[in-house]
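# Coordinate inspection notes
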Amino acid sequence: MLGLGAVGVAVGAPLQDRVSRTLAGLQSADPTGLSGLVPGAGGFRYYSVTSTRPAVHPDDYRLEVGGLVKTPTTFSFADLSALPQTSLVRDFQCVTGWRVPDVRWSGVLLRDLLAVVGAAPRGSALRLTSLDGTYAESLTLEQATRDDVMVATRLDDAPISRDHGGPARLLVAPMYGYKSLKWLGGLEVVDRVIPGYWEELGYDVDAWVGRSNGRDDEPV
Ligand SMILES: Nc1nc2c(c(=O)[nH]1)N[C@H]1C(S)=C(S)[C@@H](COP(=O)(O)O)O[C@H]1N2
Ligand SMILES: [Mo]
């Protein structure tokens, strides 16, 4: 209770509601509540493992899709916008405990993107890479073709900001935030799962919220 009061004073009235909901959401994930006490704008933190963040204008954005596909294809931002668009509202949760409730994402389901390029029969997984040159992620094809996994181009009804990984990032809604790679630049269909950046450092490759990384206390 002390913690909630302190945050209320620190951030003032306008942010109070969003911050309180974030803290309330954190209670089951983070019994200490400590990780909720330094909220970023709207409850998000900005994370980057690199010291520079790519600055890419939508006109210059390119997503290279290749590997075990029938038609290797480079997608511009306009190409992505011309594909079927999907929106969904989900909580966004980092494995370290912070959570942003009810975030609205829009973009292209990976399922719809893969339908354009055609995954070859030998393909069983995706290798995803970032324009930051360092971060990488993985998904099985089964995970990638779920209806809550997308190349997101909008966040809360606005273009995705540079800090949040714009012009386009991954959103893997049912998994912890580290699967949702920012500044998406490359997507390769491969024949086996290649662990991503944090997975090389010991985090679970299958990062289901509440069912991975030793956290089984969360509703899925
Ligand atoms: N390229 C890149 N993508 C990334 C990360 C990163 O450091 N670099 N951090 C991941 C982690 S751990 C989380 S929780 C989310 C955070 O997203 P945000 O910075 O938009 O809040 O991005 C994920 N995607
Ligand atoms: Mo994270």
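Conventions adopted
- Residues numbered from 1 in each chain as written.
- Chains lettered and ligands numbered in written order.
- Predicted model: local features only at pLDDT ≥ 70, side-chain atom pairs only at ≥ 80, totals over all residues.
- Heavy atoms only, no water.
- Helix = DSSP H or I, 4+ residues; strand = E, 2+ residues; numbered from the N terminus.
- Contact = heavy atoms within 4.5 Å.
- Buried < 20%, exposed > 50% of the residue type's maximum accessible area, 1.4 Å probe, protein only.
- Pairing = 2+ DSSP bridges.
- Salt bridge = Lys/Arg side-chain N within 4 Å of Asp/Glu carboxyl O.
- Phe/Tyr/Trp six-rings, centres within 6.5 Å; stacked < 30°, edge-to-face > 60°.
- Axes fitted to C-alpha atoms, helices over the stretch in contact; angles between N-to-C directions.
- Near = heavy atom within 4 Å.
- Polar contact = N/O pair within 3.5 Å; in protein donor to acceptor, adjacent residues only side chain to side chain.
- Nonpolar A, V, L, I, M, F, W, Y, C, P; charged D, E, K, R; others polar.
- Core = buried A, V, L, I, M, F, W, Y, C linked by side-chain atoms within 4.5 Å.

What follows deals with the side chain of Glu199. With respect to the helices and strands, Glu199 occurs in helix H5 (residues 197-200). Contact partners of Glu199, with chain neighbours within four places excluded, come to Glu137, Ser138, Tyr178, Lys179, Asp204 and Val205.

The two faces of strand E9 (residues 169-172) match: Arg169 and Leu171 on one face and Leu170 and Val172 on the other face are all buried. In terms of strand pairing, strand E7 (residues 149-155) meets E9 through four bridges, oriented antiparallel. Looking across to E9, one finds that Val149 is bridged to Val172.

With that out of the way, let us pick up the pattern of salt bridges. One pass over the full model with this rule turns up seven salt bridges. Among the salt bridges present, the one from Arg99 reaches Asp91, with a minimum N-O distance of 3.9 Å. Given a relative accessible area of 11%, Arg99 falls into the buried group. Close ionic contact of Lys179 with Glu199 constitutes a salt bridge, the shortest N to O distance being 2.9 Å. Of the two residues, Lys179 is situated in the loop between E9 and strand E10 (184-190) and Glu199 in helix H5; the sequence distance between them amounts to 20 residues. By the burial criterion, Lys179 is buried, and Glu199 matches it. Taken together, the salt bridges that share partners define one network made up of Glu137, Lys179 and Glu199.

Attention now moves to the packing of aromatic side chains. Considering all chains together, one arrives at 11 aromatic pairs under this definition. For the pair Phe44 and Trp98, a centre-to-centre distance of 6.1 Å together with 65 degrees between the ring planes defines the contact as edge-to-face. Of the two residues, Phe44 is situated in the loop between helix H1 (2-26) and strand E1 (62-67) and Trp98 in the loop between strand E3 (86-93) and strand E4 (99-109); the sequence distance between them amounts to 54 residues. Overall, Phe44 belongs to the buried group, its relative accessible area being 5%. Measuring from ring centre to ring centre gives 6.4 Å for Tyr61 and Phe77, while their planes differ by 90 degrees; the resulting arrangement is edge-to-face. With Tyr61 in the loop between H1 and E1 and Phe77 in helix H2 (residues 77-82), this pair connects stretches of sequence that are 16 residues apart. Tyr61 sits in the buried class, given a relative accessible area of 1%.

With that settled, the discussion passes to the side chain of Ser106. Relative to the helices and strands, Ser106 is located in strand E4. Ser106 gets classed as buried once you look at its relative accessible area, which sits at 11%. Among all residues touching Ser106, those that are not within four sequence positions of it are Thr86, Ser87, Met150, Val151, Ala152, Thr153 and Arg154.

So, on to the sheet that holds strand E2 (residues 73-76). Working definition: the strands of a sheet are paired by backbone hydrogen bonds and lie parallel or antiparallel to each other. Ordered in space as E2-E1-E10-E5-E6, the five strands form an open sheet in which the pairing is mixed. A strand with exactly one partner marks an edge of an open sheet, and here the two such strands are E2 and strand E6 (136-140). Between one strand and the next, the sheet's axes are offset by a mean angle of 20 degrees, whatever the strand orientation.

What follows concerns the site of ligand 1. Near ligand 1 there are 20 residues, and of these Arg45, Tyr47, His164, Arg169 and Lys182 occur at the shortest range. Contact between ligand 1 and Arg45: an oxygen atom at 2.3 Å from a main-chain N or O atom of the residue. In the environment of ligand 1, an oxygen atom lies 2.6 Å from a nitrogen or oxygen atom belonging to the side chain of His164. Class assignment for the residues of the shell around ligand 1 results in 11 nonpolar, five polar and four charged.

Among the nonpolar cores identified, the biggest contains 50 residues, and Leu63, Leu80, Trp105, Leu110, Leu113, Leu126 and Leu187 are the most heavily contacted of them. Residue contacts for Leu80: discarding those within four places in its chain leaves Tyr61, Leu63, Phe75, Gln85, Val108, Leu113, Val151, Thr153 and Ala168.

That bond from Gly166 to Pro167 is cis: its omega, 5 degrees, falls within 30 degrees of zero. Mapped onto the secondary structure, Pro167 falls in the loop between strand E8 (158-159) and E9. Even without being a glycine, Asp157 presents a positive backbone phi close to 65 degrees. Following the sequence through the fold, Asp157 ends up in the loop between E7 and E8. Judged by relative accessible area, which is 52%, Asp157 ranks as exposed.

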